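The chain contents come next:
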Amino acid sequence: MKKETAKTLRAFAIELVVYAALVVGYFFLVLHFLGEGLHQLEVRHRYTYAGVALLLIIGQAVILQNVTTLLLRLIRGRAG
Amino acid sequence: MLFPISSAHISPIYLVIVGFVIGILGGFFGVGGSFIAGPALRAVGLDWNFAVGTDLAHIVGKSVVAVRQHRAFGNVDLRLGLVMAIGTIAGAEIGAQLIQMLSIVSIAVYVSISTFMMWESRKTLRSKKRGVAAPATAATKKEDPSSFGHVTRSIQRLNIPPLIKLPTSGITISLWIILLVAFVGGLFSGFLGGGAGYIRMPSMVYVLGIPTHLAVGTDLFEIIISASYGTFTHAIKGNVDILIALVMHTGAAIGAQIGAISTQYFTGPKIRLAFVPLPLIGAAIVIYTLMTGHKV
């Protein structure tokens, strides 16, 4: 049981490190390119911006969850 | 980092950490987490309107992650969540108009909820200890006895048509009772500006008789719908900086999964006992609002 817990924690720690690296890349690449476009949309087309904002946050949620699940599966697969 | 939509300079690391903490709380307790996100965003200089709208957008994303995780565990009653969303949105619209009247009542309600949950969960845990200790498995952890169960069953027996069958939750109950619970939650949500999960989650357990794990998952599903509505209306008014919400959500996404998975290791009464401080935080927010004239 303790061995299993230690394995899970180690896999989770590795996942956090990989995830953090991905997120840093995400900040500098995606948000840098999205920022100005979204700002212009917010100023000029509020209704479109509202719809795009919702789609972006839901889309990111689905993608991030799939990424973390995939990472955990890969890391656990290697550890096991 | 400059966020051009709100013209705010905020550290992305700060946003990720705040999102992570809120994600854990949201995934575990089924609350939106506005009581942390609102003050945390305002503390770094974000305008009040942007703090509310942006927080709602981030709640949508965090709840999507938590609901997907809870759904994998069978903890989401989609039918109940959809019905509740209608009542919540209607309540939120009216709640925003009844601010003064609700404020005094809400303090009493929050303190009562907290005191009641402390009494009920401790009583249930004590009575479980007195019984024969069975080995803890995933199934026994989801068993959800409550010292208030007899009252809940009486509410479920109220035969006010139309009755709605909820196979996932294992109950049949009047549609009007569900709408009433959601409407009251919505009233507080409209008043406080957040999701008011700290009134809706206990109501689902004690009034509707939904098992705690299902109440957490279903409440989060309901929050996706009502917070999406809130995000859209706030975005139209120019109160949403989606870039801040996206950054916060990178932390919340992983926190929400940890919170949702953690519920599998705790029984219903233990989750309810851990929930006790949250309504007290709600009461503190109302007192602060009354004293300063600002929402948190």
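This structure is a prediction, so every number in the text was calculated from the model and none was measured.

**Focus: the overall build of chain A**
- What chain A contains, in helices and strands, is two helices and zero strands.
- For a compact globule of 80 residues, the expected C-alpha radius of gyration is about 12 Å, and chain A comes in at 18 Å, more than 25% above that figure.
- Oriented by its inertia axes, the alpha-carbon framework of chain A measures out at about 55 × 20 × 15 Å.
- Expressed as a percentage of the 80 residues in chain A, the buried residues total 19%.

**A look at the overall build of chain B**
- A count of helical and extended segments in chain B gives 13 helices and four strands.
- Burial analysis of chain B (296 residues in total) assigns 55% to the buried set.
- In chain B, the share of contacts with a sequence separation of at least 24, taken over all contacts with a separation of at least 6, comes to 80%.

**Some details on the interface of chain A and chain B**
- The partner chain B presents 27 residues to the 25 residues of chain A that form the contact.
- Mapped by element, the contributors of at least two residues to the side of chain A that touches chain B are helix H1 (2-44) and helix H2 (46-79) of chain A.
- Of all the elements, H2 of chain A adds the most residues to the side of chain A that touches chain B, at 15 residues.
- Looking at the side of chain A that touches chain B residue by residue, the class counts come to 17 nonpolar, five polar and three charged.

**Remarks on the nonpolar core**
- Ranked by size, the top nonpolar core spans 93 residues in total, and within it Ala 53 and Ile 57 of chain A together with Val 60 and Ile 242 of chain B carry the most contacts.
- By residue number, the principal contributor to this core is helix H11 (residues 242-262) of chain B, which donates 12 residues.
- Those residues in contact with Val 60 of chain B that lie beyond four places of it in its chain are Leu 54, Ile 57 and Ile 58 of chain A together with Ile 224, Ala 227, Ser 228 and Thr 231 of chain B.

**Some thoughts on H11 of chain B**
- Here H11 of chain B spans 29 Å end to end across 21 residues, near enough to the 30 Å set by a 1.5 Å rise per residue.
- Along its length, H11 of chain B reaches its greatest deviation from straightness, about 35°, at Thr 250 of chain B.

**Quick notes on the confidence of the model for chain B**
- Residue-level pLDDT values for chain B average 82, and 88% of them are 70 or greater.
- Interface confidence for the predicted complex, given as ipTM, is 0.85, next to a pTM of 0.83.

**As for the environment of Pro 167 of chain B**
- Residue placement: Pro 167 of chain B occurs in the loop between strand S3 (163-166) and strand S4 (171-174).
- Along the backbone, Pro 167 of chain B and Ile 5 of chain B are 162 residues apart, and their C-alpha atoms lie at a distance of 45 Å.

The rules behind the values
Residues numbered from 1 in each chain as written. Chains lettered and ligands numbered in written order. Predicted model: local features only at pLDDT ≥ 70, side-chain atom pairs only at ≥ 80, totals over all residues. Helix = DSSP H or I, 4+ residues; strand = E, 2+ residues; numbered from the N terminus. Rg over C-alpha atoms; globule rule 2.2 N^0.38 Å. Buried ≥ 20, exposed ≤ 12 C-beta atoms within 10 Å, placed from the backbone. Contact = placed C-beta atoms within 7 Å. Nonpolar A, V, L, I, M, F, W, Y, C, P; charged D, E, K, R; others polar. Core = buried A, V, L, I, M, F, W, Y, C linked by C-beta atoms within 7 Å. Expected span 1.5 Å × (residues − 1). Bend = angle between axes of the 7 residues up to and from the residue. pLDDT = per-residue confidence, 0-100.

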